[in-house]
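# Summary of structural features
Chain residues, written in single-letter form:
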Amino acid sequence: MTKTCTCSSVSAVTKKYDVFISFRGEDTRCDFTSHLYAALRTNNMETYIDYRIQKGEDLWVELLKAIKDSTLFLVIFSENYASSSWCLNELVELMECKKQQQEDVHVIPVFYKIDPSQVRKQRGSYHAAFAKHKKDKKVSKEKMQKWKDTLVHAANLSGFHSHKYRTESDLIEHIIKVISEKLNHKPTTDFRGRFISDENYTNIKSLLKINSEEVIVIGIWGMGGIGKTTLATAVFQKVSCQYEGTCFLKSVAEESKRHGPNYICNKVFSKLLQEDICIDTPTLIPSIVKKRLRRKKVFIVLDDVNSSELVENLIGVDRDWLGAGSRVIVTTRDKHVLISGDVDKIHQVKEMNFQNSLELFSSYAFRKTHPTKEYMELSIRAIEYAKGIPLALKVLGSYLRSKSENEWDSALNKLKKIPNVEIEEVLRLSYDGLDDDEKNIFLDIACFFKGQKRDHITKLLNACDFSADIGIRRLLDKALIVTTPYNNCIDMQDMIQEMGRRIVREKSIQSHGQCSRLWDPKEVYNVLTNNRGNHEIEGIWLDMTQITNINLSSGVFKEMPNLRLLVFRSLNGDSKRINSIYLPKGLEFLPNNLRYLVWNRYPLESLPSTFCPDNLFEISMRHSNVERLWHGVQITYFYGMMHDFARK
C-alpha cells in the first residue's frame, strides 16, 4: 500500500510572501494593480508590491530578497512594461528563480490591454522600447538578448488576457481563484503536524467523489483519539482549493454549547460569503443569503458534532442552500448523529497498522520515520500499548522523546498500572456523554463481559433491569465497543477497558467505600477473606486459576445485598482440576438480588435455604457437589447452565 509520511521536519521552508507583483507603475499603479493587490489581501494572501517610484541599489537588494521569498509571481505586462529596465531586470530574476525551483514557484503573466504576441515578438510599444534601450550605452548586447529571451519565455506561459473579460473585476476575480488553487494545491507534506496517509484517508477521498456535481455529505466516525479531526484536516488541505468557498469549523459541539447554534451558523455563512452574516435562527435563512450560497460550490468540515440537530441546523434538512458539487464532512464520536442527520456515507476510522504506527510514533519520539536500533524493542512495546490509536502514539512519542532507555522502560511499566492522563481525558469524553443506565452497561462490559456473546450479555443485562438492547446499540454508536463479525461477540479496545475499570476505582475513592465491581484477583481475595463486603458491591468475578485455597466464612456475602453478579470460574476452561474456594462452615446467605450465579466446583451439596432465587436469570455450577439447589427441588445430576431455573 502506498503511503505518504508528512512530517513538519521534512516540509519545505515556508516563504514570507504568497504573491509577488511585477508591474510598470505609470501604467497600472493607481488602478488595476491597486485593485488586484486589495483583492489578494482580502483573500489572506501575503503579497509583495513595490509602490516606490524612486529606485536604487539598496532597493534592488531588498527586491531580490523578496523574489527569493515568494511563491507565485504575477507579471502584469502593460503598454510600457518593456520601457523600464528595472522591470526587465526584475523579470529576469524571477524567471531565474522559477528555473531553479520549478515545482515550488509559479509565474503567471497578465496581459493588461496588450496582445500577448506584442510581448512575445516585441512588436509595437515593446519594439519601440527596445529601440530606445539599444541606444543606451549602459545596456550591453548580452543584456538586451537576455531581456528578449526572458520576455519570450514569460509570454509563452499560461496566463490572463484582459480583453477576454467583460470587466476588470471579473478578471481580478478569476485571477484570485486561480492563484488560490495554485497556492493551496500542494502535496500533503504541507500538512501542519505529522500525518500518515493510509486506507482511512484513501477511503474518505473516494467517498467525496470530487468530480461529481451532486451535493454529498459524509460522516467520519470513531472513538476519541482515533484521528477523525486529523483525517478531515488532511482531506480539507488537499481538496479545498477546488471549491469557491471553504469553511473548517472545529469543536462544533463545544462552540455551540458556549455560544449557541445561531453563532455557529453565522460563522459558517460568514466564512463562505467572506462577509459578516447575522441571522436570527438557523431554520430561517433569508432568501438572499440562500441564493448567494446556492451559486457557490463549497467545501465544509463540521468537526466534533454531538447531535443530529446541529447537523440539520448547519446544512439544512433538504440541503437547500448548498450549491451543486458542494461537499460537507461531519466528524463525530456518535454514529447515531450521522444516521439521524441523514448523511450520505459513513466512514468508520480504523486503527493504524503496525508499520504506520511505528512511523508515526517514531516521528514524535525520534523526529525520524524509524526508531534507532537500541530503542527498537522499547518502541515496539509502546506501539503494542497504543493499539494503533494515533493520539496514544503521539502522546507517548512526545513524552518519551530524549529520555534514556531505563526511563522508557520505567514509563512503559507504569502505563500497565496508571494510564496516561492526556489520552484518557480524550477517551472519557464518549463515556461522559452516556446516561446512567448506559454507563452501568459500559462498566459491566469493561469489568466482566469483554469477549462474550452479544445476545447473552444483552439478556443478562436486561435481567439486571438495564435497557440493554438500546444501551448496547448506544455503546456501539459511541465506538466504545465493537462486535466481532465472525461470532458476534462484544469486544473493546484495551485502553477503553482500562478507562472503564479506572472509573470504577475512582468512584470507590470518591464514596470512601468499596468498588462496585471486583475483577482483580487480589482485590477479590482481600474482600472475601477479610469479610470486607458492603452494599456498594454489585459484581464479583474471580478467575479461579489466579488464586488457590480461599477459605470463606459462612456469612461472607451477608453485607452485599446489592450483589447481582457472582462468578467463580476458570477462564482457561480447566475447571475440573481446580477447587480453590472452600466453605468449611457452610454458606448461610446469598443475596436475593443475584441475577447471574456461576460457581464452578461449588463445594457444598446445596445452596443456602434462605436464598430466594426469584431474580435469578442464569445459574451455572459445573463440576460442583450440588445435590439439592434449594428447598423443594431435588437433583441427582447437574451440569451446565439453566435459564430461569427458579420457574422450572
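In what follows, the structure referred to is the one given above.
One structure accompanies this document, and this report is about it.

What counts as what
- Residues numbered from 1 in each chain as written.
- Predicted model: local features only at pLDDT ≥ 70, side-chain atom pairs only at ≥ 80, totals over all residues.
- Heavy atoms only, no water.
- Pairing = 2+ DSSP bridges.
- Helix = DSSP H or I, 4+ residues; strand = E, 2+ residues; numbered from the N terminus.
- Contact = heavy atoms within 4.5 Å.
- Axes fitted to C-alpha atoms, helices over the stretch in contact; angles between N-to-C directions.
- Polar contact = N/O pair within 3.5 Å; in protein donor to acceptor, adjacent residues only side chain to side chain.
- Core = buried A, V, L, I, M, F, W, Y, C linked by side-chain atoms within 4.5 Å.
- Buried < 20%, exposed > 50% of the residue type's maximum accessible area, 1.4 Å probe, protein only.

Sheet architecture is open: five strands sit in the order S3-S2-S4-S5-S6, paired in parallel fashion. Each edge of the open sheet is held by one strand with a lone partner, namely strand S3 (47-48) and strand S6 (160-161). Where strand S5 (residues 106-111) meets S6, two bridges bridge the pair, whose relative direction is parallel. Bridge assignment links Val110 to a residue of S6, and that residue is Phe160. Contacts from helix H4 (residues 85-100) reach strand S2 (17-22), strand S4 (70-77) and S5, with the element oriented near 140° to S4.

On to the side chain of Ser508, then. Here Ser508 lies in helix H24 (residues 494-510). Within the structure, Ser508 has its side chain in polar contact with the backbone oxygen of Arg505 (distance 2.6 Å). Once you skip the residues sitting within four places of it in the chain, Ser508 turns out to touch Gly513, Gln514 and Cys515.

Further remarks concern the nonpolar core. Soluble globular proteins: nonpolar side chains tend toward being buried together. In this structure, Leu302, Phe557 and Trp599 are the most contacted members of the largest nonpolar core, which totals 149 residues. The residues contacting Leu302, other than those within four sequence positions of it, are Leu249, Val252, Val268, Leu314, Ile315, Val328, Ile329, Val330 and Thr331. Counting 34 residues, the second largest nonpolar core, distinct from the first, contains Phe77, Tyr81, Phe111 and Trp147.

This part is about the sheet that holds strand S11 (residues 327-332). Read from one edge of the open sheet, five strands run S9-S10-S11-S8-S12, paired in parallel fashion. Two strands in the sheet have a free side with no partner beyond their single neighbour: strand S9 (245-249) and strand S12 (345-348). The mean angle between the axes of side-by-side strands here comes to 15°, regardless of whether they run parallel or antiparallel. Inspection of the sheet shows S9 paired to strand S10 (residues 298-302) by five bridges, in the parallel sense. Bridge pairing in S10 links Gly245 to Val298.

We now examine the environment of Leu427. Looking at the element boundaries, Leu427 is found in helix H20 (residues 421-432). Sequence spacing of Leu427 and Val289 is 138 residues, and the spatial spacing of their C-alpha atoms is 39 Å. Among all residues touching Leu427, those that are not within four sequence positions of it are Met223, Gly224, Met495, Ile496 and Met499.

The backbone of Asp465 sits at a positive phi, close to 70°, despite the residue not being glycine. One can find Asp465 in the loop between helix H22 (454-463) and helix H23 (468-477). Given the relative accessible area of 59%, Asp465 is considered exposed. The backbone of Asn531 shows a phi angle near 50°, a positive value even though the residue is not glycine. Mapped onto the elements, Asn531 comes out in the loop between helix H25 (521-529) and strand S16 (539-543).

In short, geometric facts, not functional conclusions.
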